[in-house]
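Descriptive analysis of the structure
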Amino acid sequence: MLSPWRSEFYWLIWLLFFGIFLGKLSGMYFAALWLCSLIYLARNIYHINRIVLWLRSGGKVPQGGGIWEEIYYLIFRLKRRNKSRKKRLLAMLERFRTATTALPDATVVLGPRDEIDWFNDAAERLLGLRKSDIGQQIGNLLRQPKFVEFLRGTDASATITIASPIMDKAQLEIRIVPYGENLRLLVAQDVTHIRFMERVRSDFVANVSHELRTPLTVLKGYLETLEDADQDIPERYRKVFRHMEEHTARMQKLIDGLLSLTKLESGTLAPYKLVDCPGLLLSVCNEAQLLKPDQASLELILETHADLYGVESELRSAFSNLVVNALKYTPGDGKVQVRWRRENGGAVLEVEDTGPGIASEHLPRLTERFYRVEPGRAGGGKDGVGLGLAIVKHVLTRHEAELKIVSTVGKGSCFGCRFPEKRVLFDVDDSK
Ligand code: ADP
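Cut-offs used in this document
- Residues numbered from 1 in each chain as written.
- Predicted model: local features only at pLDDT ≥ 70, side-chain atom pairs only at ≥ 80, totals over all residues.
- Heavy atoms only, no water.
- Domains from an automatic or database assignment.
- Near = heavy atom within 4 Å.
- Polar contact = N/O pair within 3.5 Å; in protein donor to acceptor, adjacent residues only side chain to side chain.
- Areas by Shrake-Rupley, 256 points an atom, 1.4 Å probe, with all protein chains shown as cover.
- Helix = DSSP H or I, 4+ residues; strand = E, 2+ residues; numbered from the N terminus.
- Buried < 20%, exposed > 50% of the residue type's maximum accessible area, 1.4 Å probe, protein only.
- Contact = heavy atoms within 4.5 Å.
- Phe/Tyr/Trp six-rings, centres within 6.5 Å; stacked < 30°, edge-to-face > 60°.
- Lys NZ or Arg CZ within 6 Å of the ring centre and 35° of its normal.
- Pairing = 2+ DSSP bridges.
- Axes fitted to C-alpha atoms, helices over the stretch in contact; angles between N-to-C directions.

Here we take up the domain arrangement of the protein. Assigned domains within the protein: domain 1 (4-96), domain 2 (103-190), domain 3 (197-266) and domain 4 (273-425). Averaged C-alpha coordinates put domain 2 and domain 3 at centres separated by 47 Å.

Spelled out as structure tokens, the structure:
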């Protein structure tokens, strides 16, 4: 078979000879050649028209000679390829839809104005969405203020728990993930059972702690009585009683810590009030200084007089844990600085010490309950129970603040609590 271009070339030569022959017959070479060009033009217009008709209405591949044969074939190949790609994409889309429909979690595709584009069956069951809701803004359908506020946020890792609008007592954990251009995916998971288990666990811890308190108080009372009668006790028992005293004090600390954590976790938020933060820090530092006579020097630096919107008792417990820790872990000749200052519109409390520091592998786990560095660290802090920083973290989360720990082994640590602008009230004198 001839190549398309060669066949087209022969076609042209043939037309040219025909023109010359016609010219020779008629003696009008110019008119004959013009007629041949017209024939060539008409042939091309005819094929272009066939392509348009074919592309528009489909059907069999048209036939043509020369280069047109090749053009028809190439377009046919392109069409065939597109068709199989479309088929594959449709099959994939169908598989994706079947998979998301089978998901137990509600999945809703939100458009640029948070309007509903698509949702799966679980969204009907958990969120009460109906097909007629497509195109409606989700904020108008799930009207809970907490959810509307959350919808405005941009943090993809953030989650909220709300009550299901249609299932009685069901709790839904909602996450919104951005994807594509201006699109967001809302995923709602039924966490009723998980929340129930968490409540059972925290109730159990609270009950056990309460139940342990009474026998412990009795034990402590007896030990104090024995301490008063110290002279009458034989020497070999004195050491035993001192040990018992140490351990009851540790158990008391554990129970107090667990009860504080349970209270913080229970979620019953005390109403926020304006807390005089400089005054609170002064009182925390004064109390901490009374702990031991041989401890590191403590300095309070108030760079701002800003107050905080929060719960005073919770803030006191968090700040006091940080300051007491710094003093507890820093040797007598060391220094502890407590600084309250402005930062990026908000305010930061920094508790910095020249203590032993904490190795970087411990930092991510420090705020876990019962996590302690001591088992692997020589020296002080043996009386710790590992609940202090867990309490700090909880309090800060409830106050929308962030805990940042920077530490270098052998140099010291700095625990920073960053409070956002909305939680801080600056004094008129705070000009900077
Ligand atoms: P603990 O009651 O053991 O002090 P925390 O939760 O307050 O419990 O602290 C957890 C661990 O973090 C401690 O065991 C200690 O090893 C470490 N840590 C806390 N604060 C400091 C600090 N200022 N310097 C060095 N280590 C610290």
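So much for the structure itself; the text now carries on.
This paragraph deals with the site of the ligand. Among the 20 residues in the neighbourhood of the ligand, the closest are listed as Asn-325, Tyr-329, Asp-353, Glu-374 and Leu-389. The contact in question runs from an oxygen atom of the ligand to an N or O atom on the backbone of Val-373, over 3.4 Å. Between the ligand and Gly-386 there is a distance of 3.1 Å, counted from an oxygen atom to a backbone nitrogen or oxygen. Taking 530 Å² as the accessible area of the ligand by itself, protein coverage stands at 98%. Going through the elements one at a time, helix H10 (312-329), helix H11 (388-398) and strand E12 (412-419) are the ones with two or more residues in the shell around the ligand.

Let us look at the environment of Val-191. Within the element layout of this structure, Val-191 appears in the loop between strand E5 (183-190) and helix H7 (192-228). In this structure Val-191 comes out as buried when scored by relative accessible area, which is 2%. If sequence neighbours within four positions are ignored, Val-191 has contacts with Thr-161, Gln-171, Leu-172 and Glu-173.

A complete count under the given rule lists eight aromatic pairs for this structure. Geometrically, the ring pair formed by Trp-11 and Tyr-40 is tilted, given 6.3 Å between the ring centres and 45° between the ring planes. Taken together, the positions of Trp-11 in helix H1 (residues 4-26) and Tyr-40 in helix H2 (residues 29-57) put the pair 29 residues apart, joining distant regions of the chain. In this structure Tyr-40 comes out as partly exposed when scored by relative accessible area, which is 21%. Considering the side-chain rings of Trp-14 and Phe-18, the 5.8 Å spacing of their centres and the 0° angle between planes classify their relative orientation as stacked. One end of the pair is Trp-14 and the other is Phe-18, both in helix H1 and four residues apart, which spans about a single turn. Each member of the aromatic cluster is reached from another via a ring pair, and the members are Trp-11, Trp-14, Phe-18 and Tyr-40. When the ring centre of Phe-426 is taken as reference, the NZ or CZ atom of Arg-342 above it lies at 3.8 Å.

To continue, consider the environment of Gln-63. Here Gln-63 is to be found in the loop between H2 and helix H3 (67-102). In sequence terms Gln-63 and Tyr-73 are ten residues apart; their C-alpha atoms lie 9.1 Å from each other.

Quick look at the sheet that holds strand E3 (residues 159-163) now. Spatially, the five strands line up as an open sheet ordered E2-E1-E5-E4-E3, and their pairing is antiparallel. Since the sheet does not close on itself, it has two edges, and those belong to strand E2 (116-119) and E3, each with one partner. When strand polarity is set aside, the average angle formed by the axes of neighbouring strands in this sheet is 25°. Judged from the five bridges that link them, E3 and strand E4 (residues 171-179) form a sheet pairing that is antiparallel. Across the sheet, residue Thr-159 finds its bridge partner in E4, namely Arg-175.

Our next topic: the pairing of strand E11 (residues 402-408). Here E11 shows a clear split, with Leu-403, Ile-405 and Ser-407 buried on one side and none of Glu-402, Lys-404, Val-406 and Thr-408 buried on the other. Bridging between E11 and E12 involves seven bridges; their strand directions are antiparallel. Counted as the bridge partner of Ile-405 is Phe-415 from E12. Where E11 hands over to E12, the hairpin turn is made up of three residues, of which Gly-410 adopts a positive phi near 90°.

Right, let's get into the pairing of strand E8 (residues 307-310). Judged from the three bridges that link them, strand E6 (residues 273-275) and E8 form a sheet pairing that is antiparallel. Bridging across to E8, Leu-274 finds its partner in Tyr-309. Two strands pair when backbone bridges link them, and E8 and strand E13 (residues 424-425) are joined in this way by two bridges, in the antiparallel orientation. Bridge pairing in E13 places Leu-308 opposite Val-424.

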